[in-house]
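Secondary and tertiary structure notes
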Amino acid sequence: MSDLTEFIAGLPKAELHVHHVGSASPRIVAELAARHPDSPVPKDPEEVAAFFTFRDFAHFVEVYIAVVSLIKDAEDVRLLTYEVARDMARQNIRYAELTVTPHTSVMRGIPDVAFMEAIEDARTGAERDLGVVLRWCFDIPGELGLPAAEETARLACDLRPDGLVAFGLGGPEIGWPRPQFKPYFDRAIAEGLHSVPHAGETTGPQTIWDALRELRAERVGHGTSAVRDPELLAYLAEHRIPLEVCPTSNVATRAVPSLEEHPLRQMVDAGVLVTINSDDPPMFGTDLNTEYGVAARLLGLDAAGVAALAKNAVDVSFMDAAGKARLAAEIDAHLATWPG
Ligand SMILES: [Zn+2]
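In short, a report on the structure. Small disclaimer: the values here were computed from a predicted structure and weren't measured. (Residues numbered from 1 in each chain as written. Predicted model: local features only at pLDDT ≥ 70, side-chain atom pairs only at ≥ 80, totals over all residues. Heavy atoms only, no water.)

**Side note on the overall build of the chain**
Worth spelling out the cut-off: For the purposes of this entry, the term helix denotes a DSSP run of H or I that reaches at least four residues, the term strand denotes a run of E that reaches at least two, and both are numbered from the N terminus. This radius of gyration counts C-alpha atoms alone. The globule rule is 2.2 Å times how many residues there are, raised to the power 0.38. Only protein chains enter the area calculation, which uses a 1.4 Å probe; residues under 20% of their type maximum are buried, those over 50% are exposed, and those in between are partly exposed. In what follows, residue pairs with any heavy atoms lying within 4.5 Å of each other are defined as contacts. What sets the accessible areas is the Shrake-Rupley method with a 1.4 Å probe; for residues, cover comes only from the shown protein chains.
When you go through the chain residue by residue, the secondary structure sums to 16 helices and nine strands. Relative to its length of 340 residues, the chain is compact, with a C-alpha radius of gyration of 19 Å against a globular reference of 20 Å. Its C-alpha atoms put the chain at 55 × 45 × 40 Å along the principal axes. Per-residue burial for the chain yields a buried fraction of 57% across its 340 residues. Sequence separation of at least 24 residues holds for 72% of the intrachain contacts in the chain that already meet a minimum separation of 6. Split by element, the accessible area of the chain, about 13,400 Å² in all, is 53% carbon and sulfur.

**A short note on the coordination of the zinc ion**
Just so we agree on the cut-off: Sites may look incomplete, because water is not among the atoms used; the donor set itself consists of N, O and S atoms within 2.8 Å of the metal (3.2 Å for Na, K and Ca). For a four-donor site, all angles between 85 and 135 degrees give tetrahedral; for four or six donors, opposite pairs above 155 degrees with the remaining angles between 65 and 115 give square planar or octahedral; all remaining cases count as irregular.
Protein coordination of the zinc ion is provided by His 17 (NE2), His 19 (NE2), His 198 (NE2) and Asp 279 (OD), with donor distances spanning 2.1 to 2.3 Å. If you look at the zinc ion, its four donor atoms make angles of 85 to 173 degrees with each other, and the shape they trace is irregular. Here the donor residues for the zinc ion map to a single chain with the spacing H-x1-H-x178-H-x80-D. Assessed through its relative accessible area of 1%, His 17 is described here as buried.

**Comments concerning empty space enclosed by the protein**
Here is the rule we go by: A cavity here means a set of points on a 1 Å grid, drawn over the protein atoms and nothing else, where a 1.4 Å probe fits but cannot get out; a pocket is an open set with protein on both sides within 12 Å along at least five of seven lines, and a residue lines either one if it has an atom within 4 Å of a point. Grid points are joined across faces, edges and corners, and a volume is the space filled by probe spheres set on the points. Nonpolar residues are Ala, Val, Leu, Ile, Met, Phe, Trp, Tyr, Cys and Pro. Charged residues are Asp, Glu, Lys and Arg, and all others, Gly as well, are polar.
This model, assessed by the stated rule, comprises one cavity of 30 Å³ or more. Within this model, the largest cavity holds a volume of roughly 60 Å³. Considering the residues around the largest cavity, the lining is formed by 13 residues, among which His 17, Thr 99, Val 196, His 198 and Glu 244 are closest to the centre. Contributions of two or more residues to the lining of the largest cavity are made by strand E1 (13–19), strand E3 (133–141) and strand E4 (164–170). When grouped by side-chain class, the residues that make up the lining of the largest cavity number five nonpolar, five polar and three charged.

**Re a nonpolar patch on the surface**
Rule in force here: For patches, a residue must show more than 30% relative accessible area and have no salt bridge; joins then use 9 Å for like charges and 5 Å for nonpolar side chains, namely Val, Leu, Ile, Met, Phe, Trp and Tyr. Salt bridge criterion: a side-chain nitrogen from Lys or Arg within 4 Å of a carboxyl oxygen from Asp or Glu.
Together, Phe 57, Val 61 and Ile 65 line one region of the surface with nonpolar side chains, adding up to about 250 Å² of accessible area. Here Val 61 is to be found in helix H4 (residues 57–69). Taking the relative accessible area as the measure of exposure, Val 61 reaches 33% and is therefore partly exposed.

**A look at unusual backbone geometry**
In most cases, non-glycine residues show a negative phi, while peptide bonds are predominantly trans. The backbone phi angle of His 222 is positive, close to 75 degrees, even though this residue is not glycine. Within the secondary structure, His 222 sits in strand E7 (residues 220–222). Backbone geometry at Arg 254 places phi at a positive 65 degrees, although glycine is not the residue there. With respect to the helices, strands and loops of the structure, Arg 254 is situated in the loop between helix H12 (247–252) and helix H13 (264–269).

**Focus on the environment of Glu 261**
Take Glu 261: it is sitting in the loop between H12 and H13. Sequence spacing of Glu 261 and Val 251 is 10 residues, and the spatial spacing of their C-alpha atoms is 9.3 Å.

**A look at the layout of surface pockets**
Estimated volume of the largest pocket: approximately 930 Å³. Every residue lining the largest pocket is counted, 37 residues in all, and those nearest its centre are Phe 60, Tyr 64, Glu 143, Gly 171 and Pro 172. Those elements that place two or more of their residues in the lining of the largest pocket are H4, helix H5 (74–90), strand E2 (93–100), helix H6 (102–107) and E3. In terms of residue count, H4 provides more of the lining of the largest pocket than any other element does, six residues in total. Of the pockets and cavities examined, the second largest pocket occupies roughly 300 Å³. Going through the elements one at a time, E2, E3 and helix H16 (321–336) are the ones with two or more residues in the lining of the second largest pocket. Residues of the lining of the second largest pocket, tallied by class, amount to five nonpolar, two polar and six charged.

**A look at the environment of Gly 142**
Within the fold, Gly 142 resides in the loop between E3 and helix H8 (145–158). Every residue in contact with Gly 142, bar those within four places of it in the chain, is listed here: Leu 169, Gly 170, Gly 171, Trp 176 and Phe 181.

**Focus on the sheet that holds E1**
In a beta sheet, neighbouring strands pair by backbone hydrogen bonds and run either parallel or antiparallel. Which entries qualify depends on this criterion: Here the rule is simple: two strands pair whenever DSSP picks up at least two bridges between them. Axis geometry follows a simple rule: fit a line to the C-alpha atoms, using only the stretch in contact for helices, then measure angles between N-to-C directions, giving values from 0 to 180 degrees.
The parallel open sheet is built from five strands, whose spatial order is E1-E2-E3-E4-E5. On the outer flanks of this sheet lie E1 and strand E5 (194–195), each paired with one strand and no other. As paired elements, E1 and E2 share five bridges and run parallel to each other. The residue of E2 that forms the bridge with Lys 13 is Ile 93. Its contacts with the sheet put H8 on E3 and E4, and the angle it makes with E3 is roughly 150 degrees. Relative to E4, helix H9 (residues 182–190) is tilted by about 170 degrees, and along the sheet it contacts E3, E4 and E5.

**Structural notes on the environment of Asp 3**
Mapped onto the elements, Asp 3 comes out in helix H1 (residues 3–10). Residue classification places Asp 3 among the exposed positions, given a relative accessible area of 56%. With 207 residues separating them in the primary sequence, Asp 3 and Asp 210 have C-alpha atoms 42 Å apart.

Take a look at the structure:
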């Protein structure tokens, strides 16, 4: 382990762009599969790990759908959520805004109220037992169109669980222009939720402008294509609208051709506030610590630089001021123990 790898592993972190189902590790999937012996998903953790090995985007979708098919009842939801927090605790992630797609589970027959109780039970348990604070971002599965948007807004606004802080939009961007989702974001924002749509991952800067102007994005998921528009970069920098950057995911989905060609450096050089995230970590063969290592390499950071990057995520999270101050102080304390 290099010194910086060790520093990152021990660094207290916040993660702002990570998906609920997409965080199911082979260990968790094996546990879910054991609860449903009739499912075709392998039950042995090593076989699950082999099944999970990232090959290409089509295979990732296959893995994702296989995991979704294992989430059949509220206990599966609770187990998945709590165990995701356990994997976070092992990486010293202290706070995460987990993107949850409740519509997918409700559509598959889990009663909405039971779904909310399951995630909330996991959230309070994770905070009590593991010291991991979870908050929710409910996102619209964009590929299911406006009925899914309507239903996600209903679940967020009418059943609003205590941990819910934000409203998002995922799924493919091509063929699903952002402006059509405006009424649902308006409703969620009126209810006090923060707007954090994905934009500009597989489409150009116009999608990011749409997310800012139509959906009133406070942070942008990915936003990799922003670097193609200097005016947009200047706008993001001036208004301190952060990009949630997920380097390995961007390569896996071919949003960028390779890690070496990732535009993270251009974003930072333009003065844009960036946060480092893992998106769907086990499915892309990564975790948050690995992503910080990638960012450190791309940006040429030392321990102090990595700590500053970690503080960005704390700063632009939706934690309260006391929570932010506490986690920032923990980061400072970790840096202070570091030689040099
Ligand atoms: Zn995402």
